[in-house]
Each structure stands twice: as C-alpha cells, then as structure tokens.
Amino acid sequence: MLALVLALLGYYISPYGPDTGPNAGQNPERKSSQALSGSFYLAQVTRVADGDTITVRNRDGAIHKIRMHAIDSPELKQAGGERARNWLIEQVMNRDVKIVVNNTDRYQRQVAKVVLPVAGCEQRLCDGEVDVNLQAIAAGHAWWYREYSRSQSSQDRVLYEAAEEKARNARKGLWRQTAPLAPWQWRTEQRNQR
C-alpha cells in the first residue's frame, strides 16, 4: 500500500508525469521521434526554432522535434521570419500543448498539429481547443502549405484556406509585404545560389 502511495505521489509531483520509458532515470534529454500517425500526446514546449518548428518534452520525458503540419512560415533569414518565430514563442513557449501526429518527415521530426488543450480532455481533439497551426495562418505568420493538404481532414482544408484568404485580404503579418515570397520558393532560390 505504501509503495502504491509513493508511486502515485511521484506521478503527481512531476510536472510531466511518470518517467517509465526504457531509459527511465537516465538522461532526461533523450530524444524520440517515432509516433504513429493519428496518435496524440500531451507535452510542454521547450524551444521554438522558427515559425513552424518547435521542440517539446512529453510526460515520459522524451524530447520530440515537431514540424507543424500543413503550414509553412517564412524562414528566419527571410522577411517576416523573426516575427513569425516571436509570435509562436508568445503562443506556446513553456506551455502545455497537445501534439496530434500526422507522420514523421525525412529529418525525423514529427509532423503534427499543435493544439492548446482544454482541461480534462482525454481525446484526440475536443471542442474549445485551439489549433495553433491554424492560428499561425490567421495571424499572417504562415502560408497554408497546400502541397500537404491531402493529408488534412476536409474540414481543416476548408478552415486553413479560409484563414489564409482572410489574413491576405486584411494584410496581416507577412501579407503587409507587396509580394511576399513563399518559404518553399525562397528555399529553392537559396539552393540554386549555392
């Protein structure tokens, strides 16, 4: 009975839940990127690399690099890149988020929807949660990445397209520029200059 009480106490004292993975008690900075498509987990954001890439620590202490699904923010060296990163820092840094995994990319990042969860939700998605990927588009800090729209739900495709159109028409964020260059085009130009 005492062992059970101590185990439960350890679970509730830790801000990330139990450390029960194969490396329990070892390096808390261990990295993991494997997750099944459609799976989800709760985590805390520990780093924001740019406007569409974050690092999180899940409740088991594993570190995951996340590429936000179906959006593309300006690169840091591109016009609007620092603003997009700063916006994302304000939204998620050191906050608890829900990661809804779509797949794993060639860089071993989990491609996922990042969600600000509602308390008590134990499901993949719940009413009242905030889709941070969608909000980045709505705030004018990301393009809807149409190339990856086939892996979105039909509802998300409609929402993401409408958010981009509304941000563009309102000249929010990157849309204040006369002719903003999409990040995928900017990356291609950078590669061609090498």
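Here is a short report on the structure shown in this document. The structure presented is a predicted model; accordingly, all values stated were derived computationally and were not measured. (Residues numbered from 1 in each chain as written. Predicted model: local features only at pLDDT ≥ 70, side-chain atom pairs only at ≥ 80, totals over all residues. Heavy atoms only, no water.)

With that settled, consider helix 2 (residues 81–92). Its twelve residues place the ends of helix 2 17 Å apart at the C-alpha level, agreeing with the 16 Å of an ideal helix rising 1.5 Å per residue. Those residues of helix 2 that sit buried are G81, A84, W87, L88 and V92. All buried residues of helix 2 project into a common sector of 125 degrees when viewed along the axis, lining one side. Buried residues belonging to helix 2 abut strand 1 (40–50), strand 2 (53–58), strand 3 (63–68), strand 5 (96–104), strand 6 (110–116) and helix 3 (132–138). Just beyond helix 2, the residue with positive phi is N94, at close to 65 degrees. (Helix = DSSP H or I, 4+ residues; strand = E, 2+ residues; numbered from the N terminus. Expected span 1.5 Å × (residues − 1). Buried < 20%, exposed > 50% of the residue type's maximum accessible area, 1.4 Å probe, protein only. Arc of directions from axis to C-beta. Contact = heavy atoms within 4.5 Å.)

One can find P117 in the loop between strand 6 and strand 7 (130–131). Linking P117 and G128, residues eleven residues apart in sequence, is a C-alpha distance of 8.0 Å. With residues up to four places along the chain from it excluded, the contact list for P117 reads L42, D96, V97, K98 and E129.

Before going further, it helps to spend a moment on unusual backbone geometry. In this structure, A70 takes a positive phi of about 65 degrees despite not being glycine. Note on placement: A70 falls in the loop between strand 3 and strand 4 (71–72). If you check the backbone angles, R171 has positive phi at about 55 degrees while not being a glycine. As for its placement among the helices and strands, R171 is situated in the loop between helix 4 (154–169) and helix 5 (183–192). Accessibility expressed as a relative area gives 44% for R171, which makes it partly exposed.

Two aromatic rings are characterised by how far apart their centres lie and by the angle between their planes. Within the structure shown, the criterion is met by four aromatic pairs. Their ring planes at 70 degrees and their centres at 6.2 Å tell us that W143 and W184 sit as a pair that is edge-to-face. With a gap of 41 residues between them, W143 in strand 8 (residues 143–144) and W184 in helix 5 connect regions that are remote in the sequence. A relative accessible area of 6% means that W143 is categorised as buried. Taken together, a centroid distance of 4.9 Å and an interplanar angle of 75 degrees make the contact between Y145 and Y148 edge-to-face. Aromatic rings pair up to connect W143, Y145, Y148, W175 and W184 into one cluster. (Phe/Tyr/Trp six-rings, centres within 6.5 Å; stacked < 30°, edge-to-face > 60°.)

For the rest of this paragraph, the subject is the side chain of N133. By secondary structure assignment, the location of N133 is in helix 3. Separated by 3.0 Å, the side chain of N133 and the backbone oxygen of H69 make a polar contact. Beyond its immediate sequence surroundings of up to four residues, N133 is in contact with M68, H69, I71, A112, K113, V114 and Y160. (Polar contact = N/O pair within 3.5 Å; in protein donor to acceptor, adjacent residues only side chain to side chain.)

We now examine the pattern of salt bridges. Side chains carrying opposite charge are able to pair once their charged atoms draw close together. Here the structure, examined in full by the defined rule, presents ten salt bridges. Between D72 and R187 there is a salt bridge, with the nearest N and O atoms lying 2.7 Å from each other. Linking D72 in strand 4 with R187 in helix 5, this pair joins segments that are 115 residues apart in sequence. Of the charged contacts, one joins E164 and R146 as a salt bridge, the two residues approaching to 2.9 Å between their closest N and O atoms. With E164 in helix 4 and R146 in the loop between strand 8 and helix 4, the pair connects residues that are 18 residues apart, well separated along the chain. (Salt bridge = Lys/Arg side-chain N within 4 Å of Asp/Glu carboxyl O.)

So, on to the pairing of strand 2. Of all six residues in strand 2, six are buried; the element is thus mostly enclosed. Along strand 2, one buried face is formed by T53, T55 and R57 and the opposite face, lined by I54, V56 and N58, is buried too. Across six bridges, strand 1 lies against strand 2 in antiparallel orientation. Residue pairing across strands places V45 opposite V56, the latter belonging to strand 2. (Pairing = 2+ DSSP bridges.)

Moving on, we get to the state of the cysteines. The full count for this structure, using the stated rule, is one disulfide. The residue that forms a disulfide with C121 is C126, at a sulfur-sulfur distance of 1.8 Å. Around the S-S axis, the bridge from C121 to C126 shows a dihedral of about 75 degrees and counts as right-handed. Given a relative accessible area of 10%, C121 falls into the buried group. (Disulfide = S-S within 2.5 Å.)

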